[in-house]
Amino acid sequence: MRFVFAAFFMVVVCAVAPARAEYALCNKTSYVVKAAMGYLEEGRTVTRGWWLVRPGACQIVPTGETLDARYYVYAEAIDGHLGEKRVWRGEEPFCIAEEDFVLRDHQACKDEPRLRRDFFAVDVDTENEGRWRTEFTEAAGYTTPSAEIAGVQRLLSDLGYDVGEVDGSMGRRTSIAISAFKGEKQLPSPASSVITDGLVDALIAEANVREEQRGLFLCNKTKDVAWSAIAAPAEGDAYVARGWWRLRAEECAKVVKGAPPSDHYFVYAVLEKDAGDASLTDGEKEFCTNTVLFEIEEGVDCEAEGYDVGVFRRIFIGETDAWTENFTRDDF
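Predicted model, so just to flag it, every value in this text is computed and none were measured.

J.: Mind laying out the confidence of the model for the protein, listing which residues take part and the relevant values?
T.: In low-pLDDT regions, the fine details of the predicted coordinates are not to be read closely. Summarising the model, the protein shows a mean pLDDT of 88, and 89% of its residues fall at 70 or more. For the protein, per-element mean pLDDT is lowest for strand E1 (residues 9-15), which scores 61, and highest for helix H1 (residues 144-158), which scores 97. Low pLDDT, under 50, characterises residues 1-8; the stretch is placed with 23 contacts to residues that sit more than four places away or in other chains.

J.: Pulling in residues and values, what's your account of the pattern of salt bridges?
T.: Taken as a whole and assessed by the stated rule, the structure comprises 21 salt bridges. Between Arg329 and Asp224 there is a salt bridge, and its shortest N-O distance comes to 3.0 Å. Placement of Arg329 in the segment after strand E21 (322-327) and of Asp224 in the loop between strand E12 (215-220) and strand E13 (225-233) is noted, with a sequence separation of 105 residues between them. A residue is classified by how much of its surface remains accessible, and Arg329, at 40% relative accessible area, is partly exposed. Classification of Asp224 by relative accessible area gives buried; the value is 18%. Between Glu298 and Lys285 there is a salt bridge, with its nearest N and O atoms 3.0 Å apart. In this pair, Glu298 sits in the loop between strand E19 (294-297) and strand E20 (308-316) while Lys285 sits in strand E18 (residues 285-289), placing the two residues 13 residues apart along the sequence. In the salt-bridge network here, residues are joined through shared partners; they are Lys34, Glu76, Asp79, Lys85 and Arg117.

J.: Any details on the nonpolar core? Residues and values, ideally.
T.: Formed by 21 residues in total, the largest nonpolar core has its most connected members in Tyr23, Leu25, Met37, Val73 and Phe136. Elements with a minimum of two residues in this core: strand E2 (22-28), strand E3 (33-41), strand E4 (44-53), strand E6 (69-77), strand E10 (116-124) and strand E11 (131-138). Grouped together as the second largest cluster of nonpolar side chains are 20 residues, Ile230, Ala253, Val255 and Phe327 included.

J.: Account for the state of the cysteines, naming residues and giving values.
T.: Two cysteines form a disulfide when their sulfur atoms are joined by a covalent bond. Counted according to the given criterion, the structure contains three disulfides. Bridging Cys219 to Cys252, the disulfide has an S-S length of 1.9 Å. The chirality of the disulfide connecting Cys219 with Cys252 is right-handed, given an S-S dihedral of about 110 degrees. With Cys219 in strand E12 and Cys252 in strand E15 (residues 252-256), this pair connects stretches of sequence that are 33 residues apart. For Cys252, a relative accessible area of 38% gives the class partly exposed.

J.: Describe H1, naming the residues involved and giving the relevant values.
T.: Think of an α-helix as turning once every 3.6 residues; residues three or four places apart then point the same way. For H1, which comprises 15 residues, the first-to-last C-alpha distance of 21 Å matches the rise-based estimate of 21 Å (1.5 Å per residue) to within 8%. With eleven of its 15 residues buried, H1 lies for the most part within the structure. Of all the positions in H1, only Ser146, Ala147, Ile149, Ala150, Gly151, Val152, Gln153, Arg154, Leu155, Leu156 and Asp158 are classed as buried. The first or second residue beyond H1 is Gly160, which carries a positive phi of 95 degrees.

J.: Before we move on, can you summarise the packing of H1 against helix H3 (residues 197-212) with the specific residues and values?
T.: Where H1 meets H3, the closest approach of the two axes is 10 Å, and the angle between their N-to-C directions is 35 degrees. Two packed elements cross with a definite hand, and for H1 against H3 that hand is left-handed. Along the contact surface, H1 presents Val152, Leu155, Leu156 and Asp158, while H3 presents Val200, Leu203, Ile204, Ala207 and Arg210. Class assignment for the residues of the contact of H1 with H3 results in seven nonpolar, no polar and two charged.

Reading the values: rules and limits
Residues numbered from 1 in each chain as written. Predicted model: local features only at pLDDT ≥ 70, side-chain atom pairs only at ≥ 80, totals over all residues. Heavy atoms only, no water. pLDDT = per-residue confidence, 0-100. Helix = DSSP H or I, 4+ residues; strand = E, 2+ residues; numbered from the N terminus. Contact = heavy atoms within 4.5 Å. Salt bridge = Lys/Arg side-chain N within 4 Å of Asp/Glu carboxyl O. Buried < 20%, exposed > 50% of the residue type's maximum accessible area, 1.4 Å probe, protein only. Core = buried A, V, L, I, M, F, W, Y, C linked by side-chain atoms within 4.5 Å. Disulfide = S-S within 2.5 Å. Expected span 1.5 Å × (residues − 1). Axes fitted to C-alpha atoms, helices over the stretch in contact; angles between N-to-C directions. Left-handed = near helix turned anticlockwise from the far one by under 90°. Nonpolar A, V, L, I, M, F, W, Y, C, P; charged D, E, K, R; others polar.

As structure tokens, then:
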């Protein structure tokens, strides 16, 4: 089987006072973001990332000798943040990688739809004398100092500390939470109202480690490529089916971020085999699927909408922070 890829945030792009040619990615949100950029190099588009940008900080990114071109930018919140992933994106699809990357071949991910992101375009010209900045913002409208505080508040809240509202103000509960975190991690203890890079980095590391240990994982224990999907409970008694995650032999993918909120899910997979595709044989509930990346609510007339139908297997996981579901050759 071969598949093809088909909350409110803002991005502000502006020129800054001239000095030297540089492009800065600035984070005025309460989220730690990782960003990627695409630009022309020797006549073809190169994408590279990831640059980690702390809340309230800027990161200078390389752009070549001059700033006189169209650039492409994408950013997303780190996995360590709780809840649905926040993204800052556009409509121009490019390949990315999970780890730090420089990519020049944008056919490389044609069979990896989850390794594509939609970048937004930024036109920059030399009339602005070389200093440009893209700001990632959110509806709260944080300033640079308040974004730094809000970022610490969000990370502390993600880790279970009581900071009250994430509002960008250094209140009493935020100060107490900072002191408690420093004490538990045996960090140097300047005044609790002082935010240092070391504090933010320690919070990021703790949030990411916690997230790595949580979630619902699908693993391919066969020798063939498997395309996997999931149907998760939504509001009421309905479900939403989502796919695809392409799994090479012995590869896993996290399909639910954080501790799974439900005690059961439905899963589906199709194996790519030389003799023809093979689907799960022990499914019990039908959901719509599609040949492209999809997210389809239950109740849709699959045939009328031009969708395929997959028979998904129910899995019970109970109350757990992590669950791994394996697909083996006997399942197909």
